[in-house]
Amino acid sequence: MSAVPVEHVDELGAYADAVAGCTRCRLARGRTQVVFGSGNPHADLMFVGEAPGFHEDKQGLPFVGQAGKLLEKLLAQIGLQRSDVYIANTLKCRPPGNRNPQEDEIEACESHLFRQIELIQPVVVATLGNFATKLLSGRPLGITRVHGQEQQTTIGGRSVLLYPLYHPAAALYTPSMLNILAADFARLPELLGSSLEPEAAPAGEPELTLVAAHAASEQLGLF
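A quick note: this is a predicted structure, and the numbers were derived from the prediction, not measured.

Some details on the overall build of the protein
Here is step 1 of the chain: Looking only at helices and strands, one finds nine helices and six strands in the protein.
Here is step 2 of the chain: Evaluated residue by residue, the protein yields a buried proportion of 49% over its 223 residues.
Here is step 3 of the chain: Contacts in the protein between residues at least 24 apart in sequence constitute 76% of all its contacts with a sequence separation of at least 6.
Here is step 4 of the chain: Summed over all atoms, the accessible surface of the protein reaches about 9700 Å², with 52% contributed by carbon and sulfur.

Looking at the confidence of the model for the protein
Here is step 1 of the chain: The predicted model of the protein averages 86 in pLDDT, with 83% of residues at 70 or higher.
Here is step 2 of the chain: In the model, residues 195-223 has pLDDT below 50 throughout and makes 64 contacts with residues more than four positions away in sequence or in other chains.

Quick look at the environment of Val160
Here is step 1 of the chain: Looking at the element boundaries, Val160 is found in strand S6 (residues 158-165).
Here is step 2 of the chain: Considering only alpha carbons, one finds Val160 and Val123, 37 residues apart in sequence, at a separation of 5.4 Å.
Here is step 3 of the chain: In contact with Val160, not counting residues within four places along its chain, are Pro122, Val123, Val125, Gln151, Gln152, Thr153 and Ile155.

Comments concerning the pattern of salt bridges
Here is step 1 of the chain: In total, this model carries eight salt bridges according to the counting rule given.
Here is step 2 of the chain: Among the ionic pairs, Glu105 bridges to Arg26, the shortest N-O distance being 2.7 Å. Placement of the pair is Glu105 in helix H4 (residues 103-120) and Arg26 in the loop between helix H1 (6-19) and strand S1 (38-39), with a sequence separation of 79 residues.
Here is step 3 of the chain: Look at Arg26 and you get partly exposed, because its relative accessible area is 33%.
Here is step 4 of the chain: Here Arg187 and Glu190 are joined by a salt bridge, their closest N and O atoms 3.6 Å apart.

Regarding the nonpolar core
Here is step 1 of the chain: Ranked by size, the top nonpolar core spans 29 residues in total, and within it Leu45, Phe47, Leu165, Phe185 and Leu188 carry the most contacts.
Here is step 2 of the chain: Here the element with the most residues in this core is helix H3 (residues 66-77); it accounts for five residues.
Here is step 3 of the chain: Residue contacts for Phe185: discarding those within four places in its chain leaves Phe47, Leu71, Leu74, Leu75, Ile78 and Leu165.
Here is step 4 of the chain: Grouped together as the second largest cluster of nonpolar side chains are 28 residues, Ala43, Ile117, Leu136 and Leu162 included.

Section: H4
Here is step 1 of the chain: Given a rise of 1.5 Å per residue, 18 residues ought to cover 26 Å, and the 25 Å separating the end C-alpha atoms of H4 matches this to within 8%.
Here is step 2 of the chain: Listed in full, the buried residues belonging to H4 are Glu105, Ile106, Ala108, Cys109, His112, Leu113, Gln116, Ile117, Leu119 and Ile120.
Here is step 3 of the chain: Following H4 by one or two positions, Gln121 has its phi on the positive side, about 60°.

Comments concerning the packing of H3 against helix H7 (residues 175-185)
Here is step 1 of the chain: At a minimum axis distance of 9 Å, the contact between H3 and H7 shows a crossing angle of 45°. Of the possible angle classes, the one that applies to H3 and H7 is oblique. For the pair H3 and H7, the sense of crossing is right-handed. The segment H3 lies against H7, with Leu70, Leu71, Leu74 and Leu75 engaging Leu178, Leu181, Ala182 and Phe185.
Here is step 2 of the chain: In the contact of H3 with H7, the residues fall into eight nonpolar, no polar and no charged.

Some points on the packing of aromatic side chains
The description of an aromatic ring pair uses the distance of the two centres, along with the angle that the planes make with each other.
Here is step 1 of the chain: Considering all chains together, one arrives at two aromatic pairs under this definition.
Here is step 2 of the chain: Note on Tyr15 and Phe36: the rings are 6.1 Å apart at their centroids and 65° apart in plane angle, and the pair reads as edge-to-face. Residue Tyr15 is located in helix H1, and its partner Phe36 is located in the loop between H1 and S1; the two are separated by 21 residues in the primary sequence.
Here is step 3 of the chain: Residue placement shows Lys92 over the ring face of Phe36; its charged tip is 5.9 Å from the ring centre.

With respect to H3
Here is step 1 of the chain: The end-to-end C-alpha distance of H3 is 17 Å, a good match for the 16 Å that twelve residues give at a rise of 1.5 Å each.
Here is step 2 of the chain: At the C-terminal side of H3, Gly79 shows a positive phi close to 80°.

Some thoughts on the sheet that holds strand S5 (residues 151-155)
Here is step 1 of the chain: Across the sheet, six strands lie side by side as S1-S3-S2-S4-S6-S5; this open sheet has mixed pairing. The open sheet has two free edges, formed respectively by S1 and S5, since each of these has just one partner strand.
Here is step 2 of the chain: Here strand S2 (residues 45-49) runs beside strand S4 (residues 124-128); their pairing, made up of four bridges, is parallel. Its bridge partner being in S4, Val48 is matched across the sheet by Thr127.
Here is step 3 of the chain: Sitting on the sheet, H4 touches S2, strand S3 (86-89), S5 and S6, and the angle it makes with S2 is about 170°.

Definitions and cut-offs
Residues numbered from 1 in each chain as written. Predicted model: local features only at pLDDT ≥ 70, side-chain atom pairs only at ≥ 80, totals over all residues. Heavy atoms only, no water. Helix = DSSP H or I, 4+ residues; strand = E, 2+ residues; numbered from the N terminus. Buried < 20%, exposed > 50% of the residue type's maximum accessible area, 1.4 Å probe, protein only. Contact = heavy atoms within 4.5 Å. Areas by Shrake-Rupley, 256 points an atom, 1.4 Å probe, with all protein chains shown as cover. pLDDT = per-residue confidence, 0-100. Salt bridge = Lys/Arg side-chain N within 4 Å of Asp/Glu carboxyl O. Core = buried A, V, L, I, M, F, W, Y, C linked by side-chain atoms within 4.5 Å. Expected span 1.5 Å × (residues − 1). Axes fitted to C-alpha atoms, helices over the stretch in contact; angles between N-to-C directions. Parallel < 35°, antiparallel > 145°, perpendicular 65-115°, else oblique. Left-handed = near helix turned anticlockwise from the far one by under 90°. Nonpolar A, V, L, I, M, F, W, Y, C, P; charged D, E, K, R; others polar. Phe/Tyr/Trp six-rings, centres within 6.5 Å; stacked < 30°, edge-to-face > 60°. Lys NZ or Arg CZ within 6 Å of the ring centre and 35° of its normal. Pairing = 2+ DSSP bridges.

Next comes the structure, spelled out in structure tokens:
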């Protein structure tokens, strides 16, 4: 738990309310609602994905589809729940048909993300996928090259440890990628400087499983 002042929590809520009416880019015309982010405003660990999908746009929460279920399983493996971390996206509005974020959309939205990081004050920012990793690292290297390789950087005026990870949606089909993602997740307690106990999986249920192709289809536009 980080010592974030109460006024920062209040500012985060006020900022979320302000962003709810954002019209900086074309995505505002087609969204159901802005997906600002959710979780613990005091979190030491913050995840940054790429953009809301169908379910996120409807519910107003990030990572509530199949990729989100996998993220929760990965968190449980290291003794964490969604309520322990903060989750946001590079874009706050869903791109049409879940297509990839476009450069001008990222430029229009990036200050929202930087302000979130400034207010939450995480110790580790884990980027999920190419777009979040390239934006926050300031480097053009893709996630295949840099996953699992932490770097100290400054974001939103705060020094954080940036930790690139494969996006859970990319691991829904591919066993080898899922294994890599789980191994990279296993290093998070070390990076946070804490000892976390994994939660036991329910009897008879595998700890990590791939999802049927049709169930993950709403996320494919991100890759």
